Amino acid sequence: MSPKTSQPSVASTRPLWLFATLWSLRKYPTPRREWTWYRKFAAIRAAGFEGVFSPPIPEVAARGALRYLAVTSVDAPEKIAPALKAAKALGALAIDVQLADYDTPLADTVKLALRIRSVARDLELPFAIETHRDTFTETPESTLALCRAYRVAAGEQLPLCLDHSHFAIIRHLAPGTFWERLRVPEELLASATQFHLRPFNGHHCQIPVLNDAGRRTPEYRDWLSYSAALFSHLRGQTTLDPLLAVPELGNAAPAYGLSCFGDTWRDAQAVKRDLRRQWRSAG
């Protein structure tokens, strides 16, 4: 066997790092019996996540060996440095930023993004702009406009955290079309350095994963077809950088789930297991 063929492929060696959002354990299992921080972090470690995803709150310092992926919301330049510095002080490996408001002018949003870039570079803290409801990036069109304006101003791609759930409900996508519709514009996928992988359909940006019997729901199975296609696409990229992904199921405040949904933490662990399986299969 030649040296070239004996080397492992990029697809087989690129790691998948999954981060449990502390949102899944907010007011869990009930507001009156909420777990302690110690118990939450222990549960995340026991479930096999690589790290935690959270705003830069002091409690994150008690996470132990878990990696930390930060998140913040920014709608004014004076909020940028304090948020990024707090994340850096807590040992964040990167930060996800929900940027501006849906009606913020493009020029002002670009200025905010450039300021984030400047502060992030000074701190050596990678950042990504999240596609999210009620921010400038709540539609594919506005996100694409921001990416193109940023490229003109900065001379480089704007790093994105893609959360396709928000795009899916804006378009009311039908099952079986999720990947076909969300893989475009290709510019957005090419810019993505982080992903939020909350199971969704065309009407709800969070759906139940398991039924009362512990079996996958039909809606979740539709979503798994999307995540499998996404992973197949990402496996084709020529990079060894870890894929940073959050199975972002929310439990409370804000409550993305409906009253009829099952156990959020059980669902988050099920998504984690399925994503691991799909990543191995895609490789």
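See the structure above.
Draft legend 1. Just the side chain of Arg14, in detail. Mapping Arg14 onto the fold places it in the loop between helix 2 (10–13) and strand 1 (16–21). Despite its burial, Arg14 pairs with no opposite charge; the closest candidate is Asp241, at 6.3 Å N-O. There is a polar contact of 3.4 Å between the side chain of Arg14 and the backbone oxygen of Leu234. When neighbours within four sequence positions are excluded, Arg14 is seen to be in contact with Leu234, Arg235, Gln237, Thr239, Leu240, Asp241, Pro242, Leu243 and Trp279.

Draft legend 2. Spatial organisation of the pairing of strand 4 (residues 94–99). Judged by how many residues are buried, strand 4 sits mostly within the fold: 6 of 6 residues are covered. Residues Ala94, Asp96 and Gln98 point to one face of strand 4 and Ile95, Val97 and Leu99 to the other, with burial holding for every one of them. As paired strands, strand 3 (residues 67–74) and strand 4 are joined by 6 bridges and run parallel to one another. Its bridge partner lying in strand 4, Val71 is registered against Asp96. With respect to chirality, the unit in which strand 3 leads through helix 4 (residues 80–89) into the neighbouring parallel strand 4 is right-handed. Where strand 4 and strand 5 (residues 127–130) come together, 3 bridges link them in parallel fashion. By the bridge assignment for strand 5, Val97 is matched with Ile129. Following the backbone out of strand 4, through helix 5 (residues 106–123) and into the adjacent parallel strand 5, one traces a crossover that is right-handed.

What counts, and where the lines are drawn
Going along each chain's sequence as written, the residues are numbered from 1 onward. Where local features are concerned, this predicted model is filtered to residues with pLDDT of at least 70; where side-chain atom pairs are given and counted, the filter is 80 or more; whole-chain, interface and lining totals use all residues. To obtain the side-chain values, all non-hydrogen atoms of the structure were used and water was disregarded. In this description a helix means any DSSP run of H or I spanning at least four residues, a strand means any run of E spanning at least two, and both kinds are numbered starting from the N terminus. Each residue gets one of three labels from its accessible area relative to the maximum for its type: buried under 20%, exposed over 50%, partly exposed in between, using a 1.4 Å probe on protein chains only. Residues scored as positive are Lys and Arg, those scored as negative are Asp and Glu, and His as well as the terminal groups of each chain are ignored. Salt bridges are defined by distance alone: a side-chain nitrogen of Lys or Arg within 4 Å of a carboxyl oxygen of Asp or Glu. We call two N or O atoms a polar contact when they sit within 3.5 Å, provided that within protein one can donate a hydrogen and the other can accept it, with sequence-adjacent residues counted only if both atoms are side-chain atoms. It only takes one pair of heavy atoms within 4.5 Å for two residues to be counted as in contact. By definition, two strands form a pair when at least two bridges between them are found by DSSP. By convention a crossover is right-handed if, when the strands point away from the viewer, the path from the first strand over the helix to the second runs clockwise.

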